[in-house]
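Chain by chain, the residues run as shown.
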Amino acid sequence: MQGVAVGRAVDLTMINGYTKLIDELEKMFDIKGQLHPRDKWEIVYTDDEGDMMLVGDDPWPEFCNIVRRIFICSSQDVKKMRPGTRRPMSSMEDEVTVLSFDSAEN
């Protein structure tokens, strides 16, 4: 998975929480069981201002309103990120475009 940019879409209106989102991402990229332990991979996202944050940092409804893109990055790359970083250190990770009522219009 690492080193390959892949664009996919996920409709957050059909998902009701972070656990279901992680399950959907694992299914989408055929990596069952690799995202829940958070030891090898981290899920980060860019918000409506372009800032990058870890998935799970915000309450689910707020996340759904501000998320624009989701990235699956190696845990090592996330640790190397500095505050204010706009993209993962290696921008060639798996990428998911988020579809929701707000972001689909942008």
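Residues numbered from 1 in each chain as written. Predicted model: local features only at pLDDT ≥ 70, side-chain atom pairs only at ≥ 80, totals over all residues. Heavy atoms only, no water.

Named according to an unreviewed UniProt entry, the chain is Auxin-responsive protein originating from Rubroshorea leprosula. According to the UniProt record, the Function (unreviewed entry) comment for the chain is "Aux/IAA proteins are short-lived transcriptional factors that function as repressors of early auxin response genes at low auxin concentrations." Taken verbatim from the UniProt record of the chain, the Subcellular location (unreviewed entry) comment is "Nucleus". (UniProt positions renumbered as here; feature names shortened; annotations may be inferred.)

A. Fine view of the environment of Gly56. By the element assignment, Gly56 lies in the loop between β3 (52-54) and α2 (60-66). Owing to a relative accessible area of 43%, Gly56 belongs among the partly exposed residues under this scheme. (Helix = DSSP H or I, 4+ residues; strand = E, 2+ residues; numbered from the N terminus. Buried < 20%, exposed > 50% of the residue type's maximum accessible area, 1.4 Å probe, protein only.)

B. Examining helix α1 (residues 18-28) more closely. For α1, the complete set of buried residues consists of Tyr18, Leu21, Ile22, Leu25, Glu26 and Met28. Projection of α1 onto a plane perpendicular to its axis shows the buried side chains occupying an angular sector of 165°, all on one side. The exposed set on the far side of α1, more than 90 degrees from its buried face, consists of Thr19 and Lys27. Asp30 lies just past α1 and shows a positive phi near 55°. (Arc of directions from axis to C-beta.)

C. How the structure looks around the side chain of Ser75. Residue placement: Ser75 occurs in helix α3 (residues 75-80). Residue classification places Ser75 among the buried positions, given a relative accessible area of 6%. At 3.2 Å, the side chain of Ser75 forms a polar contact with the backbone oxygen of Asp39. The residues touching Ser75, leaving out its near neighbours within four places in the chain, are Arg38, Asp39, Lys40, Trp41 and Glu42. (Polar contact = N/O pair within 3.5 Å; in protein donor to acceptor, adjacent residues only side chain to side chain. Contact = heavy atoms within 4.5 Å.)

D. Broad picture of the pairing of strand β2 (residues 41-46). The element β2 is extensively covered by neighbouring structure, given that six of its six residues are classed as buried. Neither face of β2 is left uncovered, since the one carrying Trp41, Ile43 and Tyr45 and the one carrying Glu42, Val44 and Thr46 both have all their residues buried. Across six bridges, the pairing between β2 and strand β4 (residues 69-74) is antiparallel. Residue pairing across strands places Val44 opposite Phe71, the latter belonging to β4. In terms of strand pairing, β2 meets β3 through three bridges, oriented antiparallel. Its bridge partner lying in β3, Tyr45 is registered against Met53. The hairpin formed by β2 and β3 contains five residues between the paired strands, and Gly50 there has a positive phi angle of roughly 90°. (Pairing = 2+ DSSP bridges.)

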